[in-house]
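Below, each chain spelled out in residue letters.
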Amino acid sequence: MIERLWSGQSGWWRLLLPFSLLYGAVTTLLRLSYRKGWRKSWQAPVPVVVVGNLTAGGNGKTPVVIWLVEQLLARGLRPAVVSRGYGGKADRYPLLLNDKTTTGEAGDEPVLIYQRTGVPVAVAPVRADAVSAVLQSYTIDVIVTDDGLQHYALQRDIEIVVVDGVRRFGNGWWLPAGPMRERSSRLSDVDAVVINGGTAGESEISMHLAAGDAVNLLSGETRKLSELRNVIAMAGIGHPPRFFNTLREQGLVPQAEIAFSDHHAYSADEVEQLLTGDQQLLMTEKDAVKCRTFARENWWYLPVSARLCGTAVGPLLDNILSRVSPR
């Protein structure tokens, strides 16, 4: 229903316009208050790169964060990642992740980033607190924030916006009548626009998600997707159809496709009931970090990696590197 509203396929979104206008007025005034200095923002002693989006829902932001961290590591830098930690409830903040940190404490995306990259990751509702905690414990050259484009209390040196190249901005309206956190005119202020799927413009960076082999949650065994049989596909991400489309593009047609809400908290019984007989479960890596503690031997996940291309990629990385040296 919400997809039909936000895409403009259903005209009922017009009933929500008064709430959208209120949302837009509040967010515009909030951003203006920081630009004018009416509210104080904090500048970190190292460069801060924000990877965010203008719309609600999954745009592929986390794979871009992982890609960027890997690029910075390859260039000899020491990056760290900070996040709000949506969906997590820690006893105290800021929380520095370690090998025992659960998704219930930190949220699924920070745990995924930590496991994939191995760099320091911290979460806190106030991102400046997360940055301070990282800098007190590690020697860091650059901070990458997972989301936080609208978190103006933390100053940033570079802004990267990830856009779903197929859905783009829907009907273009602020929440809740549309998907927008900020209007599309905000793109003129950012340093790079990454288009996930679809067709990128001349000044935009094209991105696609490259699927790897399926990985068993219990054993770590890898298999080609073509080797899996009787597959039930499961996705609890911002835009589940993207995962299901990826499977079909790889030649795998699941017996069933089951979508959950983003950041869904799974239970063992809930997941086990999805399968019967000799069926195998295939999920996203984001789901896997929440299901690994109670996984079964016929549960698999599909890792994906962001691939960015275009003439703007090199200048973006050069821009980040240039910010590191002066400080």
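Here the structure is a predicted model, which means the values were calculated and not measured. (Residues numbered from 1 in each chain as written. Predicted model: local features only at pLDDT ≥ 70, side-chain atom pairs only at ≥ 80, totals over all residues. Heavy atoms only, no water.)

A. Looking closely at the nonpolar core. In this structure, L68 and I160 are the most contacted members of the largest nonpolar core, which totals 39 residues. Per-element tally for this core: the top contributor is helix α3 (residues 61-74), with 7 residues. Beyond its immediate stretch of four places on either side in the chain, L68 contacts V49, V51, V144, I160, L317 and I320. Counting residues in each nonpolar core, the second largest holds 24 residues, with A44, V50, A124 and V163 among its members. (Core = buried A, V, L, I, M, F, W, Y, C linked by side-chain atoms within 4.5 Å. Buried < 20%, exposed > 50% of the residue type's maximum accessible area, 1.4 Å probe, protein only. Helix = DSSP H or I, 4+ residues; strand = E, 2+ residues; numbered from the N terminus. Contact = heavy atoms within 4.5 Å.)

B. Layout of a nonpolar patch on the surface. Side chains of L29, L32 and W38 sit close together on the surface and give an oily, nonpolar patch of about 340 Å² of accessible area. Counting through the fold element by element, W38 comes out in the loop between α2 (17-35) and β1 (48-52). (Patch = residues over 30% accessible without salt bridge, like charges linked within 9 Å, V, L, I, M, F, W, Y side chains within 5 Å. Areas by Shrake-Rupley, 256 points an atom, 1.4 Å probe, with all protein chains shown as cover. Salt bridge = Lys/Arg side-chain N within 4 Å of Asp/Glu carboxyl O.)

C. Quick peek at the sheet that holds strand β9 (residues 214-216). Spatially, β10-β9-β14-β13-β11-β12 is the arrangement adopted by the 6 strands of the open sheet, whose pairing is mixed. The outermost strands of the open sheet, each flanked by one partner alone, are β10 (222-223) and β12 (256-259). Where strand β13 (residues 280-284) lies against strand β14 (residues 299-302), 4 bridges are found, and the strand directions are parallel. Within β14, the position partnered with L282 by the bridge is W300. The strands touched by helix α7 (residues 240-249) within the sheet are β11 (231-235), β12, β13 and β14, with β11 carrying the most contacts at an inclination of about 150°. (Pairing = 2+ DSSP bridges. Axes fitted to C-alpha atoms, helices over the stretch in contact; angles between N-to-C directions.)

D. Looking closely at the pairing of β14. In β14, alternate side chains face the same way, and those of W299 and Y301 on one face and W300 and L302 on the other are all buried. Pairing of β9 with β14 involves 2 bridges; the strand directions are antiparallel. Looking at the pairing, V215 lines up with Y301 of β14.

E. Here's a closer look at the environment of K40. Tracing the sequence through the fold places K40 in the loop between α2 and β1. Residues K40 and Q155, spaced 115 residues apart in sequence, show a C-alpha to C-alpha distance of 9.8 Å.

F. Molecular detail of the packing of α3 against helix α5 (residues 108-117). Following both chains from N to C, one finds α3 and α5 inclined at 30°, their axes separated by 10 Å at the closest point. By the angle between their axes, α3 is roughly parallel relative to α5. Crossing handedness for the pair α3 and α5: right-handed. Touching K61, T62, V65, I66, V69 and L73 of α3 are E109, L112, I113, R116 and T117, all from α5. (Parallel < 35°, antiparallel > 145°, perpendicular 65-115°, else oblique. Left-handed = near helix turned anticlockwise from the far one by under 90°.)

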